[in-house]
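# Structural description and commentary
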Amino acid sequence: GGERRYQYELFTSCEPCAMCLGATLWSGVTRLVCGATKADASAIGFDEGPVFEESYKHLEEAGIEVTRRVLQKEAAAVLENYGKIGVIYNAR
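In this report, we go over the structure that sits alongside the text. (Residues numbered from 1 in each chain as written. Predicted model: local features only at pLDDT ≥ 70, side-chain atom pairs only at ≥ 80, totals over all residues. Heavy atoms only, no water.)

Before going further, it helps to examine the pattern of salt bridges. Side chains carrying opposite charge are able to pair once their charged atoms draw close together. Counted under the stated rule, the structure contains six salt bridges. A salt bridge links Glu15 to Arg68, with the nearest nitrogen and oxygen atoms 2.9 Å apart. With Glu15 in the loop between strand S1 (8-14) and helix H1 (18-27) and Arg68 in the loop between strand S3 (65-67) and helix H4 (72-85), this pair connects stretches of sequence that are 53 residues apart. The exposure class of Glu15 is buried, given its relative accessible area of 10%. The salt bridge involving Arg68 is made with Glu53; its shortest N-O contact spans 2.9 Å. Here Glu53 lies in helix H3 (residues 53-61) and Arg68 lies in the loop between S3 and H4, a separation of 15 residues in the sequence. One salt-bridge network, in which partners are shared between bridges, spans Glu9, Arg31 and Glu65. (Salt bridge = Lys/Arg side-chain N within 4 Å of Asp/Glu carboxyl O. Helix = DSSP H or I, 4+ residues; strand = E, 2+ residues; numbered from the N terminus. Buried < 20%, exposed > 50% of the residue type's maximum accessible area, 1.4 Å probe, protein only.)

In structure tokens:
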């Protein structure tokens, strides 16, 4: 690839699953900002599958700025509330 013409930022309530990390790489996003952690999502029953630190390193090496745990407690509280009232699509 050539130089990116536009700058896209993706803000997420939680760290992405493996499939979403791959989509981020291909999407043209130049910055990824995450709130809650994979552990926070797992605590309410989500099973997002394996995601490794190397996945985030790969994004950074591809030129994507990654910031994690932004307002983590608040984001985890939103997830926890969702776990009480929402449907978890892949609950164990």
